[in-house]
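# Chain and residue survey
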Amino acid sequence: MSERNYWTSLRHRKISRRTMLKASSKAGVGAAGLALVGCGGDDDDDDAATAATEQAEEQVEQAQAQAQAEEQAEEQAQAQAEQAMDDEQAEEQAEEQAVEAEEAEFSQPWPLDQVDLDASIVAGISSRQEGTDMQRAGSQGNVYSHGAVFNAAMEIDPVDGSAIPSLAAPEWIDPVTLRATVEPAPFHDGSILTAHDMVFSYDRMGGRAEYHQGGETTDHPGGWTPTNPTRGAESWVRNEAVDDRTWSFELAGPDGGFFPVNLARVGEVAIVSQADVEGRGDAAVDQAPMGTGPYRFVSQTADENSVFERFEDHFLPVDYPVTVSHYAHNKHLTVVLRPELQSRLAGLEAGEIDLLESLGPDVVAPFVDDPEFTVQFERTGQLNIYINLWQQTMDDGSPNPFLDLRVRQAANHAINRQALIDNLLLGVGQQSMFAFSGIGGYPTAEQKQEVLFDYDPERARALMAEAGYADGFDVPLYIAESAESVFGSFGPDMALAVEQELNAVGIRAELRQIPISEYFTDAYTRGRENAPPGLFFFGANTVPDVGSMWECCTGPDGFFTLSPPLDPSLDELYQALKVETDAERRTEMVTQLLVEHARQAYFIFLVEPPRASLTAADVNWPLGGPFGRLNGRTAFAAQRHV
Amino acid sequence: MQFWHYLAIRLIQAFFVVFLVVTIVFFVSRTVGNPEVGLLPFDASGADLERVKENLGLNDPLLVQYGNFLWDLAQGDFGTSWRAAGGAPAIDAIGSRALNTFKLGVAGLVVAIALAVPLGILAALKQGTAIDWLARVLAVIGQAVPGFWLGLMMIFFFAVELGWFPTGGADGWRALVLPAIALGMLEMAAIMRLTRSGMIEVLDTDFIRTARAKGLSERVVITRHALRNALLPVVTMLGLSLGRLIGGSVIIEIVFAWPGIGRLIIDSIVQSDYPMVQASIIVLAASIALTNLLVDVSYRLIDPRIRAGAA
């Protein structure tokens, strides 16, 4: 059985507590009975001997009866307690079965004796950036091709999304200082990773390394701008090597989500060799990457392919058990570029390609029952509609109706999410009900149910009338052009369906397509106070920590925030969460934050669509867990059957 | 008009055409798109975006950017791609792709000629028969069927079902066959119709009747007398066809994952890689302008009537 995660543990804990309460109440009946029985009268009789004798006899009898009653009550209480324990065990078993069933959705690696370790695998992708320097802005998007060349300081566990040690095993010395023991991992050139490389890597991606200040001294003809990890180099005040094996890092303030966001985020956070980068220069690194990862870079042909081969001296063994993203179960890996989807599919059908990823459910539908292929769905981000709550008025000068909670609730009741899932997503996927998904600490099914807005157009119309909009109102619904490339192949159809459903309750949405190059800019979704009033179709990826989503897209200071929480207590809660380092307490706070955000209907919640992968039948591409693809490089964990 | 004078005027015209195209591309590409957004992670901060924008020179006034661009261009510097590995000069990145596109264009033209000329001759000789009708239907189909659809159908039939050719890529001559046929079909239709009409026209002339009256065999009449004259407009058209094939191969390159310049332009536009877009368009516009120039010049050399008219 797989490990439990935060939330399954929490479910267990909550159910245990509830069951214990039930048990207590049942036992309480017995205890009360016991107490009542035990409350004998304080008779106040004379001291006549006979009477005393009789009384004594009576007392003995009473005591015997009382003892008997006590014994019965005790037996009864014990039986009830046992029953309660049985109930609890049954519930726990049911929960465990549910967890197992949930985890069974995510394919697991085949045993090594079933895997051809000398196999070659060909993966087909639609596009990539050509540069290979993961720390350079403009090249970091090459993660699918080159993620396996590098390791991060930590990795994301595919089972529960937690950050686990990889090149570094950090621990908090105090709320702002972490100290990490650095693994003596070999680089592909044979040199050994030291704490100085860790310092260099973070300084480099944070834009602090002396040699490329402002891109002025780099040898890269295209200039060199660092990627700067999500929380930003400005949040670090110290980054130094204590000795070759000890790395020390000091933050400007406590940050409970620092590990998953800044140490394990694959892409920008790639550990490089200081000697290699300084020796070869930025331009060479951008053409031929070198790291400690499970694959060694062999070659790359622009617009055609990238070729890798297994790095036999990788510091983690092939059967490393924790995460699927580490191992290299095939000898050679070629990533080919096929921009046209049908051409990619044809390549798979012709046997030229072994696996494809990031496909919409409609694309893989014809392959679901085909024994020659394996379709695998994975959880991904979510699609929601962001409501512009910055604007007090609409384009026509009328008050912004969405500032009224009842209108936001009405909009949420107008959406038939299950129909969207059934009709556009092959029935796979989940209803979205929270601002983020895929994070460690995702609310439980029970909590989701608690704030779920049922599809209830009547209720929606009643809420609209109650808010003074019985006749409805007009509102633009913005969506990026080429929505299929941004939100998935079903994106445009979903936007149309949502438009119609909103219209049905009086929210007369009008779909407006904006060029994709404009949609994610200050003119629209990044516009905050300057964004036009209306609704914005928006997708969110899975994120390793609630903080990165809150800080970019949901909190009042987020640069993508279109629906700032009108209730300031939500941001206060987030600020408290940010500095909270106790994992259990963080989990509770995340739940509280998400539930309250959902209750106040700051988004029009839609769906969590699945993303599908398609492989040849003899190829296993294990997810490992709900967080298996979070770092985007498990493409390298493909296995070919012997 | 002297040949060299004529050539000089045409060269100047070609230069201005390319200059105009590049200027339009420069300004139009900057009216939409924010390259810095695509260069950084989705959730990059505003400060990071601003930093990248500054480094790329995008904060300069548009006219200053244009001036810098022209100044660099005058020195042979087409700019540096923002996305190519190692920050390669845009013109270097274009080199191999342009060669691939040229290869595909020529192959497409060969396919078109190989199918169109015999069909056109046959249709003209068998005018009004079922063969003529079939050839014309084929021409209509060739012109009406979208290249991407034809390409996909060919992939499914010849690559997936029969396994004769790869489904995509540019690995070896077999990878060239299907995209060349898909690309050549469109031009095949036009060349076939032109060959047919040219042949019908020539076959009805006095010198053909004379040739027949002299007792020459039909084969000699057709190949030595009729075809040479009928193909004159076809030859002129071939140059233009090559230009169209090179410029119009974008869709075919995408469908067949052919690493050509058309695909590079599309990718660069999507990624707002302005230097690469500009350099690609310059190369493409220049090659088409040059091809047209060569056609005009060769036509002038081939056809004495043009020379006489010009004089």
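The model shown is predicted, which means the values in this text are computed figures rather than measured ones. (Residues numbered from 1 in each chain as written. Chains lettered and ligands numbered in written order. Predicted model: local features only at pLDDT ≥ 70, side-chain atom pairs only at ≥ 80, totals over all residues. Heavy atoms only, no water.)

Interfaces are frequently sized by the accessible area removed from exposure as the parts join. Taken residue by residue, the interface counts 48 residues in chain A and 45 residues in chain B. Buried area between chain A and chain B, both sides added, is near 3,600 Å², and the carbon and sulfur share of it is 52%. When the area that chain A buries against chain B is broken down by residue, the three leading residues are A:T225, A:D303 and A:R526, summing to 15%. Taken together, the links from chain A to chain B amount to one salt bridge. In this structure, B:R97 engages A:D303 in a salt bridge whose closest nitrogen and oxygen atoms are separated by 3.0 Å. For the pair chain A and chain B, the interface holds five residue pairs in polar contact (both at pLDDT 80 or more). At the level of secondary structure, the elements contributing two or more residues to the side of chain A that touches chain B comprise α8 (341-349), α16 (516-519) and α17 (546-554) of chain A. (Contact = heavy atoms within 4.5 Å. Buried area = accessible area lost by both parts, 1.4 Å probe. Salt bridge = Lys/Arg side-chain N within 4 Å of Asp/Glu carboxyl O. Polar contact = N/O pair within 3.5 Å; in protein donor to acceptor, adjacent residues only side chain to side chain. Helix = DSSP H or I, 4+ residues; strand = E, 2+ residues; numbered from the N terminus.)

Turning our eyes to something else, we now look at the packing of aromatic side chains. Evaluation of the coordinates by the stated rule reveals 29 aromatic pairs over all chains. Ring geometry for A:F603 versus A:F605: centroids 5.9 Å apart, planes at 50°, classification tilted. Note on accessibility: A:F603 and A:F605 belong to one class, buried. The interplanar angle of 35° and the centroid separation of 6.5 Å between the aromatic rings of B:Y66 and B:F69 together place this pair among those described as tilted. Residue B:Y66 and its partner B:F69 are located together in helix α4 (residues 62-74), separated by three residues, close to a single helical turn. By the burial criterion, B:Y66 is buried, and B:F69 matches it. These aromatic residues form a ring-pair network of at least three members: A:Y386, A:Y519, A:F520, A:F538, A:F559, A:F560, A:F603 and A:F605. Lying over the aromatic face of A:F560, A:R526 brings its terminal NZ or CZ to 4.6 Å of the ring centre. Sitting above the plane of the B:F26 ring, B:R30 keeps its charged end 3.8 Å from the centroid. (Phe/Tyr/Trp six-rings, centres within 6.5 Å; stacked < 30°, edge-to-face > 60°. Buried < 20%, exposed > 50% of the residue type's maximum accessible area, 1.4 Å probe, protein only. Lys NZ or Arg CZ within 6 Å of the ring centre and 35° of its normal.)

Another aspect to go through is the environment of A:G147. Examined against the element boundaries, A:G147 turns out to sit in the loop between α3 (143-146) and β2 (154-156). In this structure the C-alpha to C-alpha distance between A:G147 and A:S517, which are 370 residues apart in sequence, comes to 26 Å.

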